[in-house]
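This is what each chain is made of:
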Amino acid sequence: MASLRELRSRIRGVNSIKKITKAQELIATSRITKAQARVAAAKPYSEEITKVVSELASASKNLAHPLLTERPNPRRAAVLVITSDSGMCGGYNSNVLKRAEELMTTLRDEGKESVLYVMGNKGLTYYTFRNRTPMASWTGFSQQPKYTDASAACNHLVESFMAGSGGEVPAPNGTGNIAGVDELHIVYTRFVSMLTQTPEVRRLAPIQVSFVDENFDMGADMMSDSPTAVAKAQYEFEPDADVLLAALLPKYINTRVYASLLEAAASESAARRTAMKAATDNANELASNLSRQANSVRQANITQEISEIVGGVNALAASSDRD
């Protein structure tokens, strides 16, 4: 059994860790509300740009834009994985990385080469440690993403998609050219509730388009919870719909990536709050158990000291009687 000094040292250590986890829990709790507010604030813009793009596609004379056109033999697919910059958030990163691995396995089975892009230090560390350095990475904003952060990645991804697997585009780090891609995918964590965050996979491009009774259906839209977003042409456009559609489609993809970053930020804070609360509860339980052990050891030491004193007194008394 550990000594009283060792137990008291462990209790101090556990209490110190508990202070850290409790502080992290409180910080994450305060950030969740702000993250949810950012998601709600961005939703009207996402909905409106979806409606506008839907109307433009309905009014367009043809849908030959590369972002709407399926490639005949896709060979390369870009995969953008969104993780956190810091840890202490339970299984948040491991779940999204596992989902990304499943996606890349599926792409490989389809005969497509995966081109990896990462947002967040944890994802970058994960792949670098396994000698799978991403083509590009963006870090430092996982908890408070801005639209410019999404644009930095989207501008390169859209350019790479427009070039196709047969073309080349400048590398984001300026170290040369890299081959283009035929598909764009994103893996992020969708915020469902304070206790539930679900890893999601969405295809960004080519955008899936279908016509139903002369209406436009963007079945791949992830800005809406409904599986389809059907709209009829209601406006006159100047310049014409084709020109406006070509200008808005890249912004539409930017909006989808930005919405994913906001969802991931809210999910990260919720996962960190849950993990830190569990750690704090475990620390409380461990400190309580150690305190009971310390009290038991202390009581045993006191009993032993009393026994030694009594024994000494009895020995002295016996010695006096013989004298």
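Cut-offs applied
Residues numbered from 1 in each chain as written. Predicted model: local features only at pLDDT ≥ 70, side-chain atom pairs only at ≥ 80, totals over all residues. Heavy atoms only, no water. UniProt positions renumbered as here; feature names shortened; annotations may be inferred. Helix = DSSP H or I, 4+ residues; strand = E, 2+ residues; numbered from the N terminus. Buried < 20%, exposed > 50% of the residue type's maximum accessible area, 1.4 Å probe, protein only. Phe/Tyr/Trp six-rings, centres within 6.5 Å; stacked < 30°, edge-to-face > 60°. Lys NZ or Arg CZ within 6 Å of the ring centre and 35° of its normal. Expected span 1.5 Å × (residues − 1). Bend = angle between axes of the 7 residues up to and from the residue. Axes fitted to C-alpha atoms, helices over the stretch in contact; angles between N-to-C directions. Parallel < 35°, antiparallel > 145°, perpendicular 65-115°, else oblique. Left-handed = near helix turned anticlockwise from the far one by under 90°. Contact = heavy atoms within 4.5 Å. Nonpolar A, V, L, I, M, F, W, Y, C, P; charged D, E, K, R; others polar. Core = buried A, V, L, I, M, F, W, Y, C linked by side-chain atoms within 4.5 Å. Pairing = 2+ DSSP bridges. Salt bridge = Lys/Arg side-chain N within 4 Å of Asp/Glu carboxyl O.

Going by the annotation in an unreviewed UniProt entry, the name recorded for the protein chain is ATP synthase gamma chain, with Nocardia donostiensis given as the source organism. Of the protein chain, the UniProt comment under Sequence similarities (unreviewed entry) reads exactly: "Belongs to the ATPase gamma chain family." Taken directly from UniProt, the Subunit (unreviewed entry) text for the protein chain runs: "F-type ATPases have 2 components, CF(1) - the catalytic core - and CF(0) - the membrane proton channel. CF(1) has five subunits: alpha(3), beta(3), gamma(1), delta(1), epsilon(1). CF(0) has three main subunits: a, b and c."

S.K.: Can you explain the environment of S296? Please cite residues and give values.
M.R.: Tracing the sequence through the fold places S296 in helix α5 (residues 241-322). Under the relative-accessibility criterion, S296 is labelled partly exposed at 40%. Distance from S296 to L4, taken between C-alpha atoms, is 9.2 Å for residues 292 residues apart in sequence.

S.K.: Let's hear about the packing of aromatic side chains: which residues, and what values?
M.R.: Taken as a whole and judged by the stated rule, the model has three aromatic pairs. When the centroid spacing of 5.6 Å and the interplanar angle of 80° are considered together, the rings of Y147 and Y258 count as edge-to-face. Separated by 111 residues along the polypeptide, Y147 in helix α4 (residues 147-163) and Y258 in helix α5 bring together distant segments of the chain. The ring of F161 has R71 lying over it, and the distance from NZ or CZ to the ring centre is 4.2 Å.

S.K.: Account for helix α1 (residues 4-59), with residues named and values stated.
M.R.: A rise of 1.5 Å per residue sets the reference length of α1, with its 56 residues, at 82 Å; its end C-alpha atoms lie 80 Å apart and thus fit the reference within 8%. In the structure, α1 departs most strongly from a straight axis at K43, where the bend amounts to approximately 30° and where the proline P44 lies between one and four residues downstream.

S.K.: Let's hear about the packing of helix α2 (residues 92-109) against helix α3 (residues 121-129): which residues, and what values?
M.R.: Where α2 meets α3, the closest approach of the two axes is 11 Å, and the angle between their N-to-C directions is 55°. Here α3 runs oblique to α2, going by the angle between their axes. In terms of crossing hand, the pair formed by α2 and α3 is right-handed. For the pair α2 and α3, contact is made by N93, L97, A100, E101 and M104 and by K122, G123, Y126 and Y127, respectively. Its residues placed into classes, the contact of α2 with α3 shows five nonpolar, two polar and two charged.

S.K.: Which residues make up the nonpolar core, and what are the values?
M.R.: Within the largest apolar cluster, 44 residues are counted, with the highest numbers of intra-cluster contacts made by L80, Y117, M119, W138, L184, I253 and V257. Elements represented by at least two residues in this core include exactly α1, β1 (76-82), β2 (113-119), β3 (136-138), α4, β6 (183-191), β7 (197-205) and α5. Among the elements that take part in this core, α5 stands out by supplying eleven residues, more than any other. Residues contacting L184, with those up to four places away along its chain left out, are A78, L157, V158, F161, R202, R203, L204 and A205.

S.K.: Residues and numbers for the sheet that holds β6, please.
M.R.: Strand order across the open sheet formed by five strands is β3-β2-β1-β6-β7, with mixed pairing between neighbours. Of all strands in the sheet, those with a lone pairing partner are β3 and β7, marking the two edges. Across the sheet, the mean angle separating the axes of adjacent strands is 25° when strand polarity is ignored. The pairing of β2 with β3 spans three bridges and is classified as parallel. Counted as the bridge partner of Y117 is A136 from β3. Packed onto the sheet, α2 meets β1, β2, β6 and β7 and runs at close to 155° relative to β6. Strands β1, β2 and β3 of the sheet are contacted by α3, whose axis makes an angle of about 135° with β2.

S.K.: Break down the pattern of salt bridges for me, citing the residues and quoting the values.
M.R.: When charged atoms on two side chains of opposite charge get close, those side chains can pair. Counted according to the given criterion, the structure contains 13 salt bridges. Residue R132 is joined to E101 by a salt bridge in which the shortest nitrogen-to-oxygen separation is 2.9 Å. One end of the pair, R132, is in the loop between α3 and β3; the other, E101, is in helix α2, with 31 residues separating them in the sequence. The closest approach of N and O atoms between E183 and K112, which form a salt bridge, is 2.7 Å. On the criterion of sequence distance, the pair formed by E183 in strand β6 and K112 in the loop between α2 and β2 is long-range, its members being 71 residues apart. Here E183 falls in the buried class, since its relative accessible area comes to 6%. Salt bridges sharing partners connect three or more residues here, namely E110, K112 and E183.

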